[in-house]
Structures are given as structure tokens and as C-alpha cells.
Amino acid sequence: MQAKRVTFQRTALPLALLAPQLAVTGIFFLWPAYQAMRQSLYQEDAFGLKVVFSGLTNFYDLAVDPTYLASLLTTLVFSLSVAAVSLSFGLLLAVLADGVGRGSKFYQLFLVWPYAVAPAVSGVLWVYMFDPSIGPITKLLRVVGIDWNHQIHSGQALALIVMASCAKQIAYNFLFFLAGLQSIPKSLLEAAALDAAGPIRRFFTIQFPLLTPTSFFLLVVNMVYAFFETFGVIDATTYGGPGQSTNILVYRVFNDGFKNQRIGASAAESVVLLAIVAVFTFIQFRYVERKVEY
Amino acid sequence: MSLKSVFKFTASALLSLAALSAQAAPIKIQWWHAMNGPLGEKVEKLAKDFNASQTAYEIDPVFKGTYPEAMTGAIAAFRAHQQPAIVQVFEVGTATMMAAKGAVYPVYQLMKDEGQPFDEKSFIPAVTSYYSDTQGNLLSFPFNSSTPVLYINKTQFTKAGLDPSKLPATWPEVEADAKKLRAAGIACGLTTAWPSWVLVENFHALHNLPLGTMENGFAGLGTRLEINDPLEVKLWTELTAMQKDKEFDYGGRADSAQAKFDSGNCGMMMESSASRAAIIAAKIDYAMGPLPYMPEVKGAPLNSIIGGATLWVLKGVPKEQYKGVAEFFSYLSKPEVQAWWHQNTGYLPITNAAYELSKSQGFYDKNPGADVAIKQMTRGTPTPNSRGLRFGSFLQIRDIIEGQLEVVLTGKKTPQQGLDDAVTQSNALLAQFEAANK
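The shown structure was predicted, so the numbers you read here are calculated from the model rather than taken from an experiment.

### Here we look at the overall build of chain B
Within chain B, the secondary structure is distributed over 20 helices and ten strands. In terms of overall dimensions, chain B is globule-like: its C-alpha atoms have a radius of gyration of 24 Å, near the 22 Å expected for 438 residues. For chain B, the spread of C-alpha atoms along the principal axes amounts to about 100 × 50 × 35 Å. Within chain B, buried positions represent 57% of all 438 residues. Long-range pairs, those at least 24 residues apart, make up 77% of the contacts in chain B with a sequence separation of at least 6.

Printed below as a string of C-alpha cells:
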């Protein structure tokens, strides 16, 4: 990889140029992260009237909570499913849309649209479509013999939140994959076609390898999305149930902090979540990025 | 008139005008609430009528979202010293508010300090006892209270060959009717909204069983849950058996089960008495009755317990506002105001006088079923088991209880195991709450 190096004479200008980004990172990431770490070491009541240093008690409480471990496993299954489903569907749709000649703009527009739907609105729509007694999709499923009731069947509940979380992300992935596909020189594909390589072979030997930087970027972004940004979907659909079956880590943080006012516990949970995602991202950069060809 | 004297005159006129308006400007009092739609309009009207009734104070109602949002919003505001004088808090937030001694101004204290006449005996005991301390002092002002009742779909009862004028009174009768409804092809026999509130909290009150130690938490922070008693196990066992054939069909947490009944997919539903208006709007031919009970339990059924919300007064707002708050609460307690609120919202009247007034106005003759809730609330004398409950982190404990019920209903756990696990998990939270609020 070649990179152009720009050298500045003095340090003031580059610092000034970096300042906005540094400020954003400081205010919206470092400061809250520091606050979370500090609060995780305290026990306090909702109103903040009694704040007592409690050391690692909040972390200990998590470690001995059997539902927390279960929640961790659920989160891994959920996040991997969301990343796998939304990446593969995004790619599939991008390949199909890329192959369309006439009216391609039309398809592209409609495939990107779901991204513009507000999460709360889409949550409400999913709840309605799959409502166990009045949902139109539930009624269709009943015709083919599936008794859909995600309020008591944990597998169905997990499937529902994966679908609801992917809907938006597929559109996002589609956009990036399509841009990636369109930047692949046509001459390469034409040359391969002349050598009698079919569309599937062309995809796996040319397009997919050239898409690896995009895929890697999207993998990281999708995992972060699944870990951090999905509590809204869960709050709109399953509330973490049935049982604890869709109670993923970020929903616990949200629930404990905002609904239950257990600030110390919520802070400890968010610190653990932060650590998990940091490790995950590190692994992705360390091992998966090696397979990326820029 | 010389120019100078014109100036003089204008200046003095302006000054006196300013003085006048300073004197006349009412003291604004913020009231944060969680009532939207038609209920929000009723809240606005209450404030407007009070403001018109006097000139010293102006109640300013502000809609703050859902119950949890209003409560957390007020708490965050308190932390930032921007709190409103009055905030509406739902019943499960009671323990959190109560524990915050430095943040809340108990209502009985406020009324005494401000010299407002306040007779706690004029209130309905089953309503006020939920929000009183162990000495019987009222801590927050009961605003909108409801209690769960049984609704039936009369059309479906007739279809199933049942008498729609005879509501099932006991659990065996409910089960028998549910079987007949299913046999007649109705998608579900019975469902319930607010599963923990109805099937655990009220079920215990009705049968005079404790939900937790230390008088359901009224007597202190050291309380622990004990809902895994044989009668609750029996109820969950029967519900699990009924779930198999959808004689009972679980409808989700909070009030999502109402969709089943309102869409005509369920013959019976247990739900808040305040949902009557929604059921009428859904054009269901309904009848209302008290919650079913287990006939083998001696002394059952006792009074049911309430849900809904109360108004808490927060400390730390400018001193002159508190007199206005006290006057506003006196206004809200007036029989005609209470009766209007009760008749137009479906919430319970909080004073006996308002109930009597509604009776004499013929409200219950014109609205059959509207008095089921209050009759159920006022039967017998509340015991420590039927007075209410006061557990910290209770919003989350409800999630735990309902989560366990969901697992039990699919047969993955026995009812005993599910209830035992609910108790263990809830008690861990109660211990944490105790430690944080000691």
C-alpha cells in the first residue's frame, strides 16, 4: 500500500485541524467512558443523595449473577447472527442490483430506503406484523402450520429481534457493497468472461477478493452496531423476554441505568461491554484484517 | 401639560403598572406527568380549572413521556437542581421515591406545614394505604389509581353456550368457561395484561398471602420476596396446563395482551379497570366483574391492590411554590373534581365523598361495570398483605417474575422452579437496593 505523506512545518496547524475531531472524541467518548468507569466503583441511590465507594462490588454482583452469563452468550449469538445475516443479504442484493442494466437506479433507491426508517417506527412495524394474535405475518405463518408466539417461544423471539435489527443494516451494507462493486474495473470482469468464467466464478475469484476491504470495514461496523445500537429494537419488541432469552448486554445497560436507576450496576455492565467490544475489535484487526487485500 | 410632566406621568404610570403586574403575576408551579392523548387533555383541564379558580398560583403541566421517562426525567432534573415541584410517579416507583428522604416532601407534612385542611380519613383506605408509611401518614398524593378486574366478551360467551350475565367468580369457574370458549372455536379463553400485577401481586392480596417479608416491604428496606408459596405454584401449574390448549393464552408483558381481547380473539381478560374506555372504543360487547379467586382459601377474596400513579412533591424548589402545591392538592381532593376525574377517565375516585357523589348522580346506573373496581377495592379491611407493596427495583422484579412465567408456560421449568428462581433473582436486587439506600 502506498501512502502520500504530508509533512507540516509547525505543529500548530495540524493540531488545529485535528481539534474538532479530538474534541468530539473527548466529549462524547472519553469523558463518558471515564464517568462510567468511575461510577462502576460506587453504589448510589437514584437521586444521588448517598454515594458510597464500593470497590469492585458491582462487578462481583455481575460475576455471580447467572443471568449475566446467559446474557453474554445470547449477545454473542445475536451479534454474530446480525452480522452474518445483514452482511450476506447486503452483498447478495448489491450483486443483483449491480447486474441490473435498465432501471438500476430505481432498485438502488428502494433498497436503500429502509435505512431512512427511524428505529422506533420500524420497531412498531415489526411488533405489529408479528403480533401473536393480530399480526398479518402471524396469520400467514399459521396457514403453513407455524404457531408464532414470540411472547413465549424464545427461539422465535431471538429470530424476531435479529430480523428487526438486520432490516436497517442490510440497506447500509448494500450501499457500501454496491459502491465497492462499482469501483471494480469492468475490464477485469470482461477479461474473465472472455476466458469463459461464469458469473459465480467471476464473483468468487474477482469481485469478492476485491471487496475484502469493504467487507472487513462492514464486519467491524456491523458487530459494533449489534453490540451497542440494538436496545431500541428490543425495547420496542420483546423487552428482553421471554424469560431472559433476548436480554442482550446493551439492553441490560439501558434497562438498569435508565429504567431501574441502578446507576452503579449499569456503569459496571457498560464497562464490561466496552471491554468485550474492544477485545472483539482487536481480534478482528489482528487476525481478520490479515486476509484483507487492499 | 408640559413635556416634562408628560414624561413624569408616563414614568409613574409605567412604574405602577409594573408593580401591579409583579403583584398579579401568579407563581408558576411545574407539574411533570405521563398522561398523553385523551388523559393528557383531562390533566390540562384540571390545571386550567385550578388556575382559573384563584390568582396566586399557576400550575403548569408538562408531559414527560411514559411513566419511567417521567420518573427518570424528574430524578435527572433533581440531580441537576432543575426539578419540578410536582412529579407523577407510577406505583412501582414508590419504594425508590420513598427511600429518597432528602428529595421528597411527604404530602402529609406539606399539608400540615402549609396549614391546609387534610383529612386522611376521607380517602379510600385501599388507595391511600399503598402510599402511606407504617404510621399511616400519606407520603404522596393519589392521583390516578386503578385495579385489575375481569372483562368478558358477551358475544363469545353466548356463542359458547354460556350465560353472559353470569361472570365466573372463582378460578375453577374461569377454567370451565375457558374450556367451553375454546370448544366453541374462540382463539383463546383467557388472557391477562400486566401478568405480575394481576397473577402475583393481586393474587396474593386477594388470598391474604404475603408477597414479601416485613409487611411486603412497608416495614423496611430489609424485605425479601416470598412469592414461591404453594397457592402461587398451584396457579402457575393450572395456567401452564391451560396454556397448552390456549384456554389461557399469555399475551406478553405490560398491557400488550389487550390486543387479544380488543380484536375479539379472546373470551376473557384480566386488565386494569381504567381500560374500560379502550374496550368500549374497540366496540366489544363486554361485561366486567371482580377478579377470580381460589374458593378453598378461607377469607378470600380480600380487597385487590391498586396500580396507577401518585403525585410526589420534590424538595428544593423555591419556597413560595409549596403553598400553591398544597392548595392544588386540596382542590384535587374536592368531591366534584374527583368525581369528574373518576367519571371521565375510568380511574378510581380517591375519596368516599366522590364515590357517593358519583352514585347520587346516577353514574353507575348509566355505566354498568364502572363500580366493579371500587367495590372490589373496598371490600373488607386491608391487611398488611393486601395493603400494597413496597419493593426497591420493582420495575425490574416485575420483569424477572414475568420472564420466569414465560419460561414456565412453555414447560421448560416447573412452576416451583420458576417461582424459586424469581425469588432468588429478585432478592439479589433487593439486597443491592438495601445496600444503596441504607
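### Digging into a nonpolar patch on the surface
Nonpolar side chains collect at one region of the surface, where A:Phe106, A:Tyr107, A:Leu109, A:Phe110 and A:Trp113 lie side by side and expose about 580 Å² of accessible area between them. For A:Trp113, the location among the structural elements is in the loop between helix 4 (104–112) and helix 5 (119–129).

### Focus on the sheet that holds strand 8 (residues 266–272) of chain B
Strand pairing in a sheet takes place through backbone hydrogen bonds and is either antiparallel or parallel in direction. All names here are of chain B. Taken in spatial order, the four strands of this open sheet run 7-8-6-9, and their pairing is mixed. On the outer flanks of this sheet lie strand 7 (188–192) and strand 9 (286–289), each paired with one strand and no other. Strand-to-strand twist of the sheet, defined as the mean angle between neighbouring strand axes without regard to direction, takes the value 20 degrees.

### Here we look at the domain arrangement of chain B
Residues and elements named next belong to chain B. Once the domains are mapped, chain B shows domain 1 (24–146 + 306–366) and domain 2 (148–304 + 392–437). The distance between the C-alpha centroids of domain 1 and domain 2 comes to 29 Å. On the domain 2 side, the residues contacting the 17 residues of domain 1 number 15 residues. In this assembly, domain 1 packs against domain 2 so that about 1200 Å² is buried in total across both faces, 60% of it on carbon and sulfur atoms. Among the residues domain 1 hides against domain 2, the three largest losses belong to Val 92, Thr 134 and Ser 146. Together they make up 34% of the total. Counting the contacts that link domain 1 with domain 2 gives one salt bridge. Where domain 1 packs against domain 2, one counts three residue pairs in polar contact (both at pLDDT 80 or more). It is helix 4 (residues 94–99) that contributes the most residues to the side of domain 1 that touches domain 2, three residues altogether. Taken together, the residues that form the side of domain 1 that touches domain 2 break down as eight nonpolar, eight polar and one charged.

### Here we look at the pattern of salt bridges
All names here are of chain B. Inspection of every chain in the model, using the stated rule, returns 20 salt bridges over all chains. The partner of Lys 234 in a salt bridge is Glu 238, and the shortest N-O contact between them spans 4.0 Å. Pair noted here: Lys 234 and Glu 238 are both in helix 11 (residues 230–244), with a separation of four residues, about one helical turn. With a relative accessible area of 32%, Lys 234 lands in the partly exposed category.

### So, the packing of helix 14 (residues 321–333) of chain B against helix 15 (residues 335–345) of chain B
Helix-helix packing: each pair is described by the crossing angle between the helix axes and the interaxial distance. All names here are of chain B. Where helix 14 contacts helix 15, the axes come no closer than 5 Å and their chain directions differ by 70 degrees. Considered as vectors, helix 14 and helix 15 are oriented roughly perpendicular to each other. Here Tyr 331, Leu 332 and Ser 333 of helix 14 come into contact with helix 15, specifically with Pro 335, Val 337 and Gln 338. Class assignment for the residues of the contact of helix 14 with helix 15 results in four nonpolar, two polar and no charged.

### Describing the pairing of strand 6 (residues 148–153) of chain B
All names here are of chain B. Of all six residues in strand 6, six are buried, a share of seventy percent or more. Because side chains alternate across strand 6, one face comprises the buried residues Pro 148, Leu 150 and Ile 152, and the other comprises Val 149, Tyr 151 and Asn 153, equally buried. Sheet topology places strand 6 next to strand 9; four bridges connect them, and they run antiparallel. Bridging across to strand 9, Tyr 151 finds its partner in Met 288.

### A word on the packing of aromatic side chains
All names here are of chain B. For the structure shown, the criterion picks out 36 aromatic pairs over all chains. Both rings, one in Trp 31 and one in Phe 143, keep their centres 5.4 Å apart while their planes meet at 85 degrees; by these two values the pair is edge-to-face. With a gap of 112 residues between them, Trp 31 in strand 1 (residues 27–33) and Phe 143 in strand 5 (residues 141–146) connect regions that are remote in the sequence. Each member of the pair, Trp 31 as well as Phe 143, is classed as buried. Ring pairs connect the aromatic residues Trp 31, Phe 50, Phe 118, Phe 123, Phe 141, Phe 143, Phe 328, Phe 329, Tyr 331, Trp 341 and Tyr 347, which therefore count as one cluster. One residue, Lys 64, lies across the ring of Trp 32, its end atom 4.1 Å from the ring centre.

### So, the nonpolar core
Core analysis: the biggest nonpolar cluster contains 130 residues, and B:Ile86, B:Trp171 and B:Phe329 have the highest contact counts within it. The dominant element in this core, judged by the number of residues it contributes, is helix 19 (residues 394–409) of chain B, at eight residues. In contact with B:Trp171, not counting residues within four places along its chain, are B:Leu190, B:Leu199, B:Phe203, B:Leu235, B:Leu239, B:Met270, B:Pro292, B:Tyr293 and B:Met294. A:Leu62, A:Cys166, A:Met223 and A:Tyr251 belong to the second largest nonpolar core, which has 24 residues in total.

### Looking at the interface of chain B and chain A
Counting residues at the interface gives 40 residues for chain B and 33 residues for chain A. Contact between chain B and chain A buries roughly 2900 Å² in total, counting both sides, with carbon and sulfur atoms accounting for 54%. Broken down residue by residue, the surface that chain B buries against chain A is led by B:Arg79, B:Arg253 and B:Gln432, which jointly contribute 18%. Taken together, the links from chain B to chain A amount to two salt bridges. Note that A:Glu44 is salt-bridged to B:Arg79, the shortest N-O span being 2.5 Å. Sorting elements by how many residues they give to the side of chain B that touches chain A places helix 19 of chain B first, with seven residues.

### Some remarks on the side chain of A:His150
Residues and elements named next belong to chain A. Here His 150 is to be found in the loop between helix 6 (136–143) and helix 7 (154–182). Side chain to side chain, His 150 and Trp 148 meet in a polar contact 3.1 Å long. If we ignore the near neighbours within four places in the chain, the residues touching His 150 are Phe 130, Pro 132, Gln 156, Ala 157, Leu 160, Thr 237, Thr 238 and Pro 242.

### A closer look at the side chain of A:Gln207
Residues and elements named next belong to chain A. Residue position: Gln 207 is located in helix 9 (residues 199–210). Among the residues examined, Gln 207 registers a relative accessible area of 10% and is labelled buried. Beyond its immediate stretch of four places on either side in the chain, Gln 207 contacts Asp 98, Leu 181, Ile 184, Leu 189 and Arg 202.

### Topic: the environment of A:Ser79
Residue and element names in this part refer to chain A. Summarising the element assignment, Ser 79 is placed in helix 3 (residues 66–99). Separated by 151 residues in the primary sequence, Ser 79 and Thr 230 place their C-alpha atoms 9.6 Å from one another. Setting aside its immediate chain neighbours within four residues, Ser 79 contacts Met 223, Ala 226 and Phe 227.

### Focus: the packing of helix 2 (residues 37–53) of chain B against helix 14 of chain B
Residues and elements named next belong to chain B. Close contact between helix 2 and helix 14 brings their axes to 11 Å; oriented N to C, the two are set at 110 degrees. Relative to helix 14, helix 2 is oriented roughly perpendicular. Where helix 2 crosses over helix 14, the two elements pack in a sense that is right-handed. For the pair helix 2 and helix 14, contact is made by Leu 46, Asp 49, Phe 50 and Ser 53 and by Gly 324, Glu 327, Phe 328, Tyr 331 and Leu 332, respectively. Split by residue class, the contact of helix 2 with helix 14 holds five nonpolar, two polar and two charged.

### Overview of helix 9 of chain A
Residue and element names in this part refer to chain A. Of the positions making up helix 9, those classed as buried are Phe 203, Ile 206 and Gln 207. An end-on view of helix 9 places all buried positions within 130 degrees of arc, on one side of the element. Turned more than 90 degrees from where helix 9 packs its buried face, Arg 201 and Phe 204 sit exposed. Taken together, the buried residues of helix 9 touch helix 3, helix 7 and helix 8 (186–194).

The rules behind the values
- Residues numbered from 1 in each chain as written.
- Chains lettered and ligands numbered in written order.
- Predicted model: local features only at pLDDT ≥ 70, side-chain atom pairs only at ≥ 80, totals over all residues.
- Heavy atoms only, no water.
- Helix = DSSP H or I, 4+ residues; strand = E, 2+ residues; numbered from the N terminus.
- Rg over C-alpha atoms; globule rule 2.2 N^0.38 Å.
- Buried < 20%, exposed > 50% of the residue type's maximum accessible area, 1.4 Å probe, protein only.
- Contact = heavy atoms within 4.5 Å.
- Patch = residues over 30% accessible without salt bridge, like charges linked within 9 Å, V, L, I, M, F, W, Y side chains within 5 Å.
- Areas by Shrake-Rupley, 256 points an atom, 1.4 Å probe, with all protein chains shown as cover.
- Salt bridge = Lys/Arg side-chain N within 4 Å of Asp/Glu carboxyl O.
- Pairing = 2+ DSSP bridges.
- Axes fitted to C-alpha atoms, helices over the stretch in contact; angles between N-to-C directions.
- Domains from an automatic or database assignment.
- Buried area = accessible area lost by both parts, 1.4 Å probe.
- Polar contact = N/O pair within 3.5 Å; in protein donor to acceptor, adjacent residues only side chain to side chain.
- Nonpolar A, V, L, I, M, F, W, Y, C, P; charged D, E, K, R; others polar.
- Parallel < 35°, antiparallel > 145°, perpendicular 65-115°, else oblique.
- Phe/Tyr/Trp six-rings, centres within 6.5 Å; stacked < 30°, edge-to-face > 60°.
- Lys NZ or Arg CZ within 6 Å of the ring centre and 35° of its normal.
- Core = buried A, V, L, I, M, F, W, Y, C linked by side-chain atoms within 4.5 Å.
- Left-handed = near helix turned anticlockwise from the far one by under 90°.
- Arc of directions from axis to C-beta.

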